[in-house]
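One letter stands for each residue in the lines below.
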Amino acid sequence: MIIILNFGSQFSHLIARRVRDLGVKAEILPFNTPAIKIKELNPVGIIFSGGPASVLEKGSPRPDIDVFSLGIPILGICYGHQVIAYMLGGEIERGKHREFGKEVLAIKQQSDVFKGLESKEQVWFSHGDQVTKLPKGFMTIASTEGCKCAAYEYAQKNIYAIQFHPEVTHTKKGTRIISNFIFKICKAERDWTIDFVAKTIISNLKSQIGKDHVIVGISGGVDSLVAGTLLYKAVGKQLHAVFVDTGLLRKDEVKNVSDTLRKRKFDLHVIDASKLFINRLKGVIDPEQKRKIIGHTFIEVFEETIKTKLKKYPVKYFAQGTIYPDRIESAESSKHASKIKSHHNLTLPDKLGFKIIEPIRDLYKDEVRRLGGVLRLPKDLLWRHPFPGPGLAVRIVGEITYDRLCILREADWVFIEELKKAKEYEKIWQAFAVLLPLKTVGVMGDARTYEYIVALRAVDSVDGMSADWHKIPNELLEKISSAIVGKVRGVNRVLYDVTQKPPATIEYE
Ligand code: XMP
């Protein structure tokens, strides 16, 4: 394993991705993780990430000094490059000008970390400070016009550092540099393959769970589906899957997901609570109130199911489909961030005293999808767009009624089917229909209509934190609009949303 000490760079995830894509496990840890803890994890190499601070600032982040005595190879990147030099006796100065963007790197000395590179290479910088004097024993191995010490090494001590970012694609041979570090210097083995990951997770789950029983909540999304399937492979009938039909799910969702799980002989409990949810949401139009009602009702239904249907099993664990970015983001999320929406997350384990088990906690989304492929889950389910916990409720602006849910479910289905037919679906991060609380006048077959407006939203995004509206070709938009108005009773007008996030959010509520 390679450990990445995170000094606050927005690219730390990218470093981890690059290492994993090269077939080696990577784990991101806080910059100040004690050396003793790092040693226990037995990594073959440590990468210090970049970060927004200046080592010259008081209180700026420092690693445990003992990390340098572990005898484990170290690669410093950007802030990492500066902090190593500074802590080991070098000097840093505020640069006269900041370097941002592409630069030409001139390699001055042969180094294992630069094997396979030309004498001049395009790299990508983003820094203000720079190393002006190296500690004893260290040697500059590359520079640029604006940065004399753009890379250095102390080969006998296995310490290497670069001022630029090898993890971004603008550094042309960046992956080669990371590969040189992990294979030539750290002598890592290429054993992080999805098959290996699947086998390891299943065997760990088997030994962790033993003869106990586990509950998993199935949401219909990829993560809980993959987590559940891994658990089923590990403990079979000791797993009990609960899928709550809130009445707020997409068309055919309950059937598709249940069929997939039942085919695999899961002990699956599909709880039809749609009437309860829709009754509780009657007359509610405030988005936050909707979210709260759904969250509470969900927990209630879940608890009730456990107390009745699962009473006879000695359940010890509650499984969640938490993935790696969820963990990192919640650990780093600021207490001061303003609350935009209350997310619908299950807090049952706390209430019922279960132990939490998170089978895919170390994986990124695309790794989860690949893992789902290895587990032979249907492609359709694995590659579906994200869907919010509160479901269609946050896509019906205004009151939720059974009729309005039917209209939206149908319009959404027509929209998604047309995108799939046109092969546009896979180009989009998330697409869905929204039902507005407005009726307008139309004309159909010479008769006046007075019906609802459907808004279509399709966005390109990486993580849902920011998003751009997707440029659906005009001809396709026209086809979708005609299909919706033609096939969905109760709709006579279709709008396309061209707002970015921010300022708008992706969902409407
Ligand atoms: P917003 O609307 O906040 O959405 O821009 C960002 C992403 O998060 C999804 N989303 C949710 N996911 N529970 C979830 O699991 C929720 O309560 C929730 N609200 C929004 C949304 O679909 C988008 O992908």
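Keep in mind the model is a prediction, meaning the values are calculated, not measured.

Caption draft 1: The packing of helix α14 (residues 402–421) against helix α15 (residues 474–487), seen in detail. Running from N to C, α14 and α15 point in directions that differ by 145 degrees, and their axes come no closer than 9 Å. In terms of crossing hand, the pair formed by α14 and α15 is right-handed. The residues of α15 that touch α14, namely those facing A411, V414, F415, E418 and L419, are L476, K479, I480, A483, I484 and K487.

Caption draft 2: Spotlight on helix α3 (residues 79–87). Within α3, seven of the nine residues are buried, leaving the element largely enclosed by the surrounding structure. The set of residues buried in α3 consists of Y79, G80, H81, Q82, V83, I84 and A85. Once α3 ends, the next one or two residues include G89, with phi positive near 110 degrees.

Caption draft 3: Quick peek at the pattern of salt bridges. Going through the model one piece at a time under the given rule, you end up with 22 salt bridges. Among the salt bridges present, the one from K427 reaches E424, with a minimum N-O distance of 3.3 Å. Overall, K427 belongs to the exposed group, its relative accessible area being 53%. A residue is classified by how much of its surface remains accessible, and E424, at 6% relative accessible area, is buried. Several salt bridges share partner residues, and in doing so they unite R17, D21 and D366 into one network.

Caption draft 4: Layout of the nonpolar core. Judged by nonpolar contacts, the single largest core of 52 residues is most densely connected at I215, F415, L419, L456 and I484. With eight residues, α14 is the single largest residue contributor to this core. In this view, L419 contacts E424, Y425, I428, A431, I472, L476 and I480; residues no more than four positions away in its chain are not counted. I218, A227, V235 and I360 belong to the second largest nonpolar core, which has 40 residues in total.

Caption draft 5: Representation of the sheet that holds strand β14 (residues 355–357) in the model. If you walk across this open sheet you meet the five strands as β12-β11-β10-β13-β14, and the pairing is parallel. Two strands in the sheet have a free side with no partner beyond their single neighbour: β12 (267–272) and β14. With strand direction ignored, the average angle separating the axes of adjacent strands in the sheet is 30 degrees. Taken together, the five bridges between strand β10 (residues 213–218) and strand β11 (residues 239–245) define a ladder with parallel strand orientation. In the strand pairing of β11, I215 is matched with H240. In this fold helix α5 (residues 194–209) packs onto β10, β13 (315–319) and β14, with an angle of close to 165 degrees to the strand it touches most, β14. Along the sheet, helix α7 (residues 253–263) contacts β10, β11 and β12; its crossing angle with β12, the most-contacted strand, is approximately 165 degrees.

Caption draft 6: A look at the pairing of β13. Among the five residues of β13, four are classified as buried, and the element is accordingly described as predominantly covered. In this sheet, β13 lies alongside β10 in parallel orientation, the contact comprising four bridges. Pairing of V214 across the sheet is with Y317, part of β13. Across three bridges, β13 lies against β14 in parallel orientation.

Caption draft 7: Focus on the side chain of R250. One can find R250 in the loop between β11 and α7. Taking the relative accessible area as the measure of exposure, R250 reaches 16% and is therefore buried. The residues contacting R250, other than those within four sequence positions of it, are R384, H385, F387, R409 and D412.

Caption draft 8: Local environment of the packing of aromatic side chains. Summed over the entire model, instances satisfying the criterion amount to 14 aromatic pairs. Residues F11 and W124 carry aromatic rings whose centres are separated by 5.9 Å and whose planes lie at 80 degrees to one another, so their mutual orientation is edge-to-face. Residue F11 is located in the loop between β1 (2–6) and α1 (12–21), and its partner W124 is located in strand β6 (residues 120–133); the two are separated by 113 residues in the primary sequence. Considered together, F11 and W124 belong to a single accessibility category, that of buried residues. In textbook terms, an aromatic cluster arises when at least three aromatic residues are bridged by ring pairs, as seen for F7, F31, F48, F68 and Y79. When the ring centre of F432 is taken as origin, the NZ or CZ atom of R395, which lies over that ring, is 3.8 Å away.

Each value, and the rule that gives it
Residues numbered from 1 in each chain as written. Predicted model: local features only at pLDDT ≥ 70, side-chain atom pairs only at ≥ 80, totals over all residues. Heavy atoms only, no water. Axes fitted to C-alpha atoms, helices over the stretch in contact; angles between N-to-C directions. Helix = DSSP H or I, 4+ residues; strand = E, 2+ residues; numbered from the N terminus. Left-handed = near helix turned anticlockwise from the far one by under 90°. Contact = heavy atoms within 4.5 Å. Buried < 20%, exposed > 50% of the residue type's maximum accessible area, 1.4 Å probe, protein only. Salt bridge = Lys/Arg side-chain N within 4 Å of Asp/Glu carboxyl O. Core = buried A, V, L, I, M, F, W, Y, C linked by side-chain atoms within 4.5 Å. Pairing = 2+ DSSP bridges. Phe/Tyr/Trp six-rings, centres within 6.5 Å; stacked < 30°, edge-to-face > 60°. Lys NZ or Arg CZ within 6 Å of the ring centre and 35° of its normal.

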